[in-house]
Protein chains: 2
Amino acid sequence: MNKVYNTEILSVGTELLLGHITNTDARDISEMLSRIGVNVRYHTVVGDNPQRLHDCVEIAKARADVIITTGGLGPTCDDLTKQILAECFGLKLVENAAEKAGLYDYIHPDRAYTPNNFTQAMLPEGCTVFHNHWGTAPGCAFEAQGKIVVMMPGPPNECIPMFRQYGIPYLKKLSEEQIVSHSIRIFGIGESGVDDMFAEEMNAMANPSMAPYAKECDCLLQVTAKARSEAEAEAMMAPVIAHVKERLGEYVYGMDIECIEEAVLPLLKEKGMTFATAESCTGGDVARRFTEIPGASAAFAGGCVTYTNEVKARLLGIDPDLIEEKGAVSYEVAKEMAERVRTLTGADIGVGVTGLAGPDGDGVHEVGTVFVSMAVAGETFVRELHLGTKRTRSFIRRMAGNHIYDMMRRWLTGLTV
Amino acid sequence: MNKVYNTEILSVGTELLLGHITNTDARDISEMLSRIGVNVRYHTVVGDNPQRLHDCVEIAKARADVIITTGGLGPTCDDLTKQILAECFGLKLVENAAEKAGLYDYIHPDRAYTPNNFTQAMLPEGCTVFHNHWGTAPGCAFEAQGKIVVMMPGPPNECIPMFRQYGIPYLKKLSEEQIVSHSIRIFGIGESGVDDMFAEEMNAMANPSMAPYAKECDCLLQVTAKARSEAEAEAMMAPVIAHVKERLGEYVYGMDIECIEEAVLPLLKEKGMTFATAESCTGGDVARRFTEIPGASAAFAGGCVTYTNEVKARLLGIDPDLIEEKGAVSYEVAKEMAERVRTLTGADIGVGVTGLAGPDGDGVHEVGTVFVSMAVAGETFVRELHLGTKRTRSFIRRMAGNHIYDMMRRWLTGLTV
């Protein structure tokens, strides 16, 4: 019988209790653990206080088999986690030579370092060390007193990649089952629409199982199967996935990716095509999203951020009289923006976006009105969007960008744009 | 003597433990409480499981004076919070007639309702009811067994306004103190350097108190004071803040803001100046960051994302022979980018950035080499940065942008660039 491992995530940091930062570490670690069949039963947050931290560890020892800590591994006098965990489990902290050498290298010789930087190299005796490729403080894991302890740094951009790269493999061996999961990514229909389409089927399914999730500007269907091997789990899911993709049709933009632009990059690369961006209200975000993907330079030529009417004219060469007559937020200006940036940069595809992200309107259009455009050889497509008057700027900018990438992936795959 | 009220926030919901949603309720409630001098000592998250919820309430009773719950007040069979809290405190749940009538009205006659909808009107005998103007489930508060309990609905768009409108006034009477906090924002010196400079002073301070925090690419010193009034707290902090700002000098870029660009916007506005961006490796992020700030259009003219050498020539007019000879990642090209985007757009200031965000080098420079530039009338400044070969792309892009905004705020305030 498969032992059930109860897990507690213990996050250390007074800034969490003051509401200065959000505990995304607990959320992201929980999501990763749910995919490998490890049950998270508790999240606890405690401040940088030795006695309270000690008491929380004792509570965790009483109710959990696996304790994952985040935070408190840094160089300052507030960073107590290793000391307290070592105390609670009767372990000594010893200096790890490799980590100490690494810390010397990391802190360049021409930059001042302070002795407290090296406390980060002190680790529980006998632990497995997780080197920090994204910052300085190493994480670690050990087994003691019948418990498994994993310690992660606090900053999310260190904690999450470290847990993904080291924590998950370390813990995977705890489960005799393989849990495999695929996310079917969807744009153009919302979570409640998807839920409606598949509600009966989802209720009837036990293993594999399926659940819809909403993201900020798109959604997904998560299909999950448990079996004795990954291959078995994949075989169980394959017919379900095929069926779902067939029912959802064009709304599916990809599998196991995070965003539509991740689907667009390989499509452009396989055709040897590039695109350029002309952005107004999105302020550089459409370009930024794409260039964040490693390898984007193969497919992205460049672009313009034309925030003012004057700069639309100066940088893109759009006729100021047209802007005056039709307004910056218009079908005509969107069309011009896409076509001109395409010609100017020599890219195969030009995309444009002009609209009102809020909070101000322009006296003609309501907030949330956005025109997005895509120019290819011989044809220009324009979509007029009304994204809602009560939405945040951030939502409107992201949704407009999603529409642009959706137009591109549809055109590149021969679907109706 | 002012009693110290220890508070625990207990959030109920299995979806939190699966990492499907983020516990923003605990964060936002904590922030509101920190402003009224109520100390949050613990956050706990537990699933929709009666036994574990019961055990968590017992732990909270042992270590906290105030217990705030979020979630589990809805109509489904998973919603257990009132039942368990009532059990733990020896109270009966009784039907609240006003709330029940309200629920009838809310659920329109032409929509089906189920009996379980009305469980939301069952409340602990003698409690203070908080009507839910943003959803259906009422919150409540009661005092029993020497503890104060406040129960809030889970959905943030209901929980947060309800807590602000009802929870805070209910709890305010617990604290005779006001807590006020300011963050001194710092760039150019890291958290351990700041900690080193002020460690002795921080250890000696009780009220006001001070603590350093690291952000991804900058850091801050948080100064906090407790007093009987906000004015008194401010007066206590003023000399500390003045002293810290004097010691840190040019490294302080602002107070109570989130990023350097938030300091740059008002400086540009008061001088009636605009700037434009020419970005290579940052891919649009420098523009995006600034345009995210409401009111940015007053100071941002626009810019270019010139990802390829060809586009640097075509969009900005940079001599392709110069790029060929010196390389795209060079002092000379960075200088040209800033100067040309300034002239092209008519902005007062042009900024440029060209470098290697990784993972690939260019055979000449190592990853993390970035040239950032700023062109003003009559002068161009260029900084050569070496941001580390083992950093993430995201870090290198953000840090490069921070240097650009730092150059701008220094120039605009008459400091050495």
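Residues numbered from 1 in each chain as written. Chains lettered and ligands numbered in written order. Predicted model: local features only at pLDDT ≥ 70, side-chain atom pairs only at ≥ 80, totals over all residues. Heavy atoms only, no water.

**Looking at the overall build of chain A**
Stage number 1. In terms of regular secondary structure, chain A is built from 14 helices and 17 strands.
Stage number 2. Principal-axis analysis of the C-alpha atoms gives chain A an extent of 75 × 60 × 40 Å.
Stage number 3. Sorting the 417 residues of chain A into buried and exposed places 56% on the buried side.
Stage number 4. Roughly 16,800 Å² of accessible area belongs to chain A as shown, and the carbon and sulfur atoms make up 49% of that amount.
Stage number 5. Charge centroids of chain A, computed over 39 positive and 56 negative side chains, lie 2 Å from each other. (Helix = DSSP H or I, 4+ residues; strand = E, 2+ residues; numbered from the N terminus. Buried < 20%, exposed > 50% of the residue type's maximum accessible area, 1.4 Å probe, protein only. Areas by Shrake-Rupley, 256 points an atom, 1.4 Å probe, with all protein chains shown as cover. Lys, Arg positive; Asp, Glu negative; His and termini not counted. Charge placed at Lys NZ, Arg CZ, Asp CG, Glu CD.)

**Examining the domain arrangement of chain A**
Residue and element names in this part refer to chain A.
Stage number 1. When the domains of chain A are assigned, the result is domain 1 (6–174), domain 2 (180–255) and domain 3 (262–413).
Stage number 2. Taking only C-alpha atoms, the centre of domain 2 and the centre of domain 3 are 31 Å apart.
Stage number 3. Domain 2 puts 8 residues into the contact, and the matching count from domain 3 is 11 residues.
Stage number 4. Interface area, domain 2 with domain 3, both sides summed: about 810 Å², of which 53% is carbon and sulfur.
Stage number 5. When the area that domain 2 buries against domain 3 is broken down by residue, the three leading residues are Phe-187, Glu-216 and Cys-217, summing to 66%.
Stage number 6. Linking domain 2 to domain 3 there are 1 salt bridge.
Stage number 7. For Arg-410, the salt bridge goes to Glu-250, with nearest N and O atoms at 2.6 Å. (Domains from an automatic or database assignment. Contact = heavy atoms within 4.5 Å. Buried area = accessible area lost by both parts, 1.4 Å probe. Salt bridge = Lys/Arg side-chain N within 4 Å of Asp/Glu carboxyl O.)

**Side note on the sheet that holds strand S12 (residues 252–255) of chain B**
Residues and elements named next belong to chain B.
Stage number 1. On the basis of which strands lie adjacent, the open sheet formed by 4 strands has the order S10-S11-S9-S12 and antiparallel pairing. Only two strands of the sheet have a single neighbouring strand rather than two, namely strand S10 (209–214) and S12. For this sheet, the mean angle separating the axes of adjacent strands, direction not counted, is 25°.
Stage number 2. Sheet topology places S10 next to strand S11 (residues 219–227); 6 bridges connect them, and they run antiparallel. For Met-210, the partnering residue across the bridge sits in S11 and is Val-223.
Stage number 3. Along the sheet face, helix H7 (residues 191–204) touches strand S9 (178–186), S10 and S11 and points at about 170° away from the line of S10. (Pairing = 2+ DSSP bridges. Axes fitted to C-alpha atoms, helices over the stretch in contact; angles between N-to-C directions.)

**Focus: the environment of Lys61(B)**
Residue and element names in this part refer to chain B.
Stage number 1. Take Lys-61: it is sitting in helix H3 (residues 50–63).
Stage number 2. We classify Lys-61 as buried; its relative accessible area is 15%.
Stage number 3. The spacing of Lys-61 and Glu-8 is 53 residues in sequence and 9.1 Å in space, taken between C-alpha atoms.
Stage number 4. Apart from residues no more than four positions distant in its own chain, Lys-61 is found in contact with Ile-67, Cys-88, Phe-89, Gln-145 and Lys-147.

**Digging into the side chain of Glu279(A)**
All names here are of chain A.
Stage number 1. Tracing the backbone through its elements, the reader meets Glu-279 in strand S13 (residues 275–279).
Stage number 2. Arg-397 is the oppositely charged side chain nearest to the buried, salt-bridge-free Glu-279, at an N-O distance of 7.3 Å.
Stage number 3. A polar contact of 2.7 Å, which involves the side chain of Glu-279, links it to the side chain of Thr-282.
Stage number 4. A polar atom in the side chain of Glu-279 sits 3.0 Å from the backbone nitrogen of Gly-284.
Stage number 5. In this view, Glu-279 contacts Gly-284, Asp-285, Val-286, Ala-287, Cys-304, Val-305, Thr-306, Met-337 and Val-353; residues no more than four positions away in its chain are not counted. (Polar contact = N/O pair within 3.5 Å; in protein donor to acceptor, adjacent residues only side chain to side chain.)

**Thoughts on the packing of helix H3 (residues 50–63) of chain A against H3(B)**
Stage number 1. Closest axis-to-axis distance for the H3(A)/H3(B) pair is 13 Å, and the angle between their directions is 160°. Looking at the two axes, H3(A) sits roughly antiparallel to H3(B). Regarding H3(A) and H3(B), the two cross each other, and that crossing is right-handed. From H3(A), Cys56(A), Ile59(A) and Arg63(A) reach across to H3(B), where they touch Cys56(B), Ile59(B) and Arg63(B). (Parallel < 35°, antiparallel > 145°, perpendicular 65-115°, else oblique. Left-handed = near helix turned anticlockwise from the far one by under 90°.)

**As for the pairing of strand S3 (residues 66–70) of chain A**
All names here are of chain A.
Stage number 1. Counting buried positions along S3 gives 5 out of 5 residues, so the element sits mostly inside the fold.
Stage number 2. Side chains of S3 alternate between two faces, with Val-66, Ile-68 and Thr-70 and Ile-67 and Thr-69 buried alike.
Stage number 3. Pairing of strand S1 (residues 6–12) with S3 involves 5 bridges; the strand directions are parallel. From the neighbouring strand, Glu-8 faces S3, where its bridge partner is Ile-67.

**Describing the packing of helix H2 (residues 24–35) of chain A against helix H6 (residues 156–172) of chain A**
All names here are of chain A.
Stage number 1. One can describe the packing of H2 onto H6 by two numbers: an axis separation of 10 Å at closest approach and a directional angle of 25°. By the angle class used here, H2 and H6 are roughly parallel. Read as a crossing pair, H2 and H6 show a hand that is right-handed. Contacts between H2 and H6 involve Thr-24, Asp-25, Asp-28, Ile-29, Met-32 and Leu-33 from the former and Pro-156, Cys-159, Ile-160, Phe-163, Arg-164, Ile-168 and Leu-171 from the latter.

**A few points about the environment of Leu387(B)**
All names here are of chain B.
Stage number 1. Mapped onto the elements of the fold, Leu-387 is located in the loop between strand S17 (379–386) and helix H14 (393–412).
Stage number 2. Note on Leu-387: relative accessible area 12%, which makes it buried.
Stage number 3. Apart from residues no more than four positions distant in its own chain, Leu-387 is found in contact with Gly-368, Val-370, Phe-395, Ile-396, Met-399, Ala-400 and His-403.

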